[in-house]
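Reading the structure
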Amino acid sequence: MSGPHIARISVVVCVYTEDRWEDILAAVSSVRAQSLPALETLLVVDHNATLLERLTREYKETDGVRVLANAGPRGLSAGRNTGIAASRGEIIAFLDDDAVAERDWLRHFAAGYADPRVMAVGGRTMPIWASGRRPAWFPEEFDWVVGCTYKGLPQGRVQVRNVLGGNASFRRTAFDAAGGFATGIGRDGDKRPLGCEETELCIRLTRAKPDAILLIDDRAVIHHRVPEAREHFGYFRTRAYAEGLSKALVARSVGSDKGLESERRYATRVLPAGVARGLRDAVLARPGGAGRAGAILAGVLTAAGGYVLGSVRARRGGATFSVVEIEEVPDGEGASA
C-alpha cells in the first residue's frame, strides 16, 4: 500500500461512564498497537466531568491521545461529531469504548481507500460474551442486538448500503458532503438503546454523492464485550423494539425504499432460514434450537411493533432528529490531553 491516506487516520472513541474504565484503556491500547499507526486517538467524553478529568490525568503524558468533552447535546452522535470536528486525519475511524481492535484493523481500513470513490469502510465485530460463550437461545442472525456483525451480512470485502458505527471509518470529505451524524436518533448513555444513526448518515451520503462506494471488509476485526445484562431475553426484546423505533425515523427521513432496502432481504431470506435451522436443530435434539427459532420470531414481531409505533410518532411530529454541519476545531481548542 502506498499514498498519504494510509498514514493519516484519526480514531475516535466515544465514552460516557467510569464503569467501563478498564474497557476504555484496553480500546486505546489496541489502537496504539496497530500495525499501521493511527495519527491520533481522540477520546470524547459525553457530559461526565469526573470521567473527563480522570482520562485527562491518565493520558496527560501520552503522545497521540487527546481527551475532549462532547461539545454538543448528550448522546453518541454528538460525541462522534465532536471527534470529527477536532480530528486531523484524512480518514476518521470509530471504535466502541468496550471493544478492542485486532492489530491490522486500520491497515485493512486504509487499503479500501485506494479507490478514491470509496467514502466509508466498515469491518467485522465479534462478540465477547461475559458468560464465556454464546447463550444457546441467542440466534447469530440477531447479533446486531449486542452491537456485533450478524449472520446474513455478506462476507469478504463487499459494497454495502451502510457500515455499522462501532467499527467503521469515513473519508473526511464524506462529512463535508453530507454533514455529521444526526442527533436525536442514536444512543444516549444507558437510556433506551436506539440506533441507526450510521444507517441514516450512509444513505444521506450516497444521496449527496451518488458515485460514493461504501464497503465492509471483514478482515478489519474488532472484539466487542457483551456484558451479562445483555445476554438475557429482556434486553434482546428491548433492543429489537428500539431498532424498530429507529428504523421508522430513518424511513421517515430517507423514504422506505432506501431506508428498508437491506431489511427486506434480511426479513425475507436470512430470518426464515434461521428459523428453519433452529427447528431442524430442535428435531435433532441439539441445544437451543427451539429457543433460537422462537427468539427470531419474537425479535421480528417486537421490531415490527416498534416500527409501527415509531411511524405513527414520526407522522405526528413526536419524534425528530437533526443533522449538523461539521465545523473544524482550530488546533489546540477543546483538547485536554
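Scroll up a little and you will see the structure.
Everything numeric here is computed off the predicted structure, so don't read it as measured data.

For the rest of this paragraph, the subject is the overall build of the protein. Looking only at helices and strands, one finds ten helices and nine strands in the protein. A burial count over the protein gives 53% of its 337 residues as buried. Long-range contacts, defined here as pairs at least 24 residues apart, represent 80% of the contacts in the protein between residues at least 6 apart. Carbon together with sulfur atoms contributes 51% to the accessible area of the protein, which is approximately 14,900 Å² in total.

Next up on the list: the packing of aromatic side chains. Scanning the model with the defined rule gives 16 aromatic pairs in all. Ring geometry for Trp137 against Phe233: centres 5.9 Å apart, planes inclined by 75°, an arrangement best described as edge-to-face. Of this pair, Trp137 sits in the loop between strand 6 (118-129) and strand 7 (157-159) while Phe233 sits in helix 7 (residues 233-254), and the two are 96 residues apart along the sequence. You can call Trp137 partly exposed: its relative accessible area is 22%. Note on Phe170 and Phe181: the rings are 6.1 Å apart at their centroids and 90° apart in plane angle, and the pair reads as edge-to-face. Of this pair, Phe170 sits in strand 8 (residues 167-171) while Phe181 sits in the loop between helix 5 (172-178) and helix 6 (197-208), and the two are eleven residues apart along the sequence. With respect to burial, Phe170 and Phe181 carry one shared label: buried. Taken together through their ring pairs, the aromatic side chains of Trp129, Trp137, Phe138, Phe142, Trp144, Tyr150, Phe233, Phe236 and Tyr266 make up a single cluster. Stacked on the ring of Phe181, the Lys or Arg Arg80 has its end atom at 5.0 Å from the ring centre.

So, about the packing of helix 1 (residues 21-32) against helix 2 (residues 49-58). Taken N-terminus to C-terminus, the directions of helix 1 and helix 2 make an angle of 40°; their axes are 13 Å apart at the nearest point. Considered as vectors, helix 1 and helix 2 are oriented oblique to each other. Here helix 1 and helix 2 pass one another in a crossing that is right-handed. Of the residues in helix 2, those touching helix 1 at Trp21, Ile24 and Leu25 are Leu51, Arg54, Leu55 and Glu58. Classifying every residue of the contact of helix 1 with helix 2 gives five nonpolar, no polar and two charged.

Within the largest apolar cluster, 34 residues are counted, with the highest numbers of intra-cluster contacts made by Val11, Val15, Leu43, Leu55, Tyr59, Leu95 and Trp105. Per-element tally for this core: the top contributor is helix 1, with six residues. Ignoring anything within four residues of it in the chain, the contact list for Trp105 reads Val11, Val31, Gln34, Ala93, Phe94, Leu95, Asn167, Ala220, Val221 and Ile222. Grouped together as the second largest cluster of nonpolar side chains are 28 residues, Ile92, Phe170, Phe175 and Leu201 included.

Even without glycine at this site, His47 takes up a positive phi of about 55°. Take His47: it is sitting in the loop between strand 2 (40-45) and helix 2. Residue class for His47 comes out partly exposed when judged on its relative accessible area of 41%. Here Ala285, not a glycine, exhibits a phi torsion of approximately 65°, which is positive. Following the sequence through the fold, Ala285 ends up in the loop between helix 9 (261-283) and helix 10 (289-315).

Turning our attention to helix 9. Taking 1.5 Å as the rise per residue, helix 9 with 23 residues should run 33 Å; its terminal C-alpha atoms sit 33 Å apart, in good agreement. The sharpest bend along helix 9 measures roughly 35° and falls at Ala267. Among all positions in helix 9, only Glu263, Tyr266, Val270, Leu271, Gly274, Val275, Gly278 and Asp281 are buried.

For the rest of this paragraph, the subject is the pattern of salt bridges. The final tally for this structure, using the stated rule, is 21 salt bridges. Asp97 is paired through a salt bridge with Arg20; the nearest N and O atoms lie 2.7 Å apart. Note that Asp97 is positioned in the loop between strand 4 (91-95) and strand 5 (99-101) and Arg20 in the loop between strand 1 (9-15) and helix 1, a separation of 77 residues in sequence. Under the relative-accessibility criterion, Asp97 is labelled buried at 4%.

Position of Asn48 among the secondary structure elements: in the loop between strand 2 and helix 2. In sequence terms Asn48 and Arg74 are 26 residues apart; their C-alpha atoms lie 9.8 Å from each other. Not counting the four nearest positions on each side in its chain, Asn48 is found in contact with Tyr16, Thr17 and Glu18. For Asn48, the side chain forms a polar contact with the main-chain oxygen of Tyr16, separated by 3.1 Å.

About the cut-offs
- Residues numbered from 1 in each chain as written.
- Predicted model: local features only at pLDDT ≥ 70, side-chain atom pairs only at ≥ 80, totals over all residues.
- Heavy atoms only, no water.
- Helix = DSSP H or I, 4+ residues; strand = E, 2+ residues; numbered from the N terminus.
- Buried < 20%, exposed > 50% of the residue type's maximum accessible area, 1.4 Å probe, protein only.
- Contact = heavy atoms within 4.5 Å.
- Areas by Shrake-Rupley, 256 points an atom, 1.4 Å probe, with all protein chains shown as cover.
- Phe/Tyr/Trp six-rings, centres within 6.5 Å; stacked < 30°, edge-to-face > 60°.
- Lys NZ or Arg CZ within 6 Å of the ring centre and 35° of its normal.
- Axes fitted to C-alpha atoms, helices over the stretch in contact; angles between N-to-C directions.
- Parallel < 35°, antiparallel > 145°, perpendicular 65-115°, else oblique.
- Left-handed = near helix turned anticlockwise from the far one by under 90°.
- Nonpolar A, V, L, I, M, F, W, Y, C, P; charged D, E, K, R; others polar.
- Core = buried A, V, L, I, M, F, W, Y, C linked by side-chain atoms within 4.5 Å.
- Expected span 1.5 Å × (residues − 1).
- Bend = angle between axes of the 7 residues up to and from the residue.
- Salt bridge = Lys/Arg side-chain N within 4 Å of Asp/Glu carboxyl O.
- Polar contact = N/O pair within 3.5 Å; in protein donor to acceptor, adjacent residues only side chain to side chain.

Remember, this is a structural readout, not a statement about activity or role.
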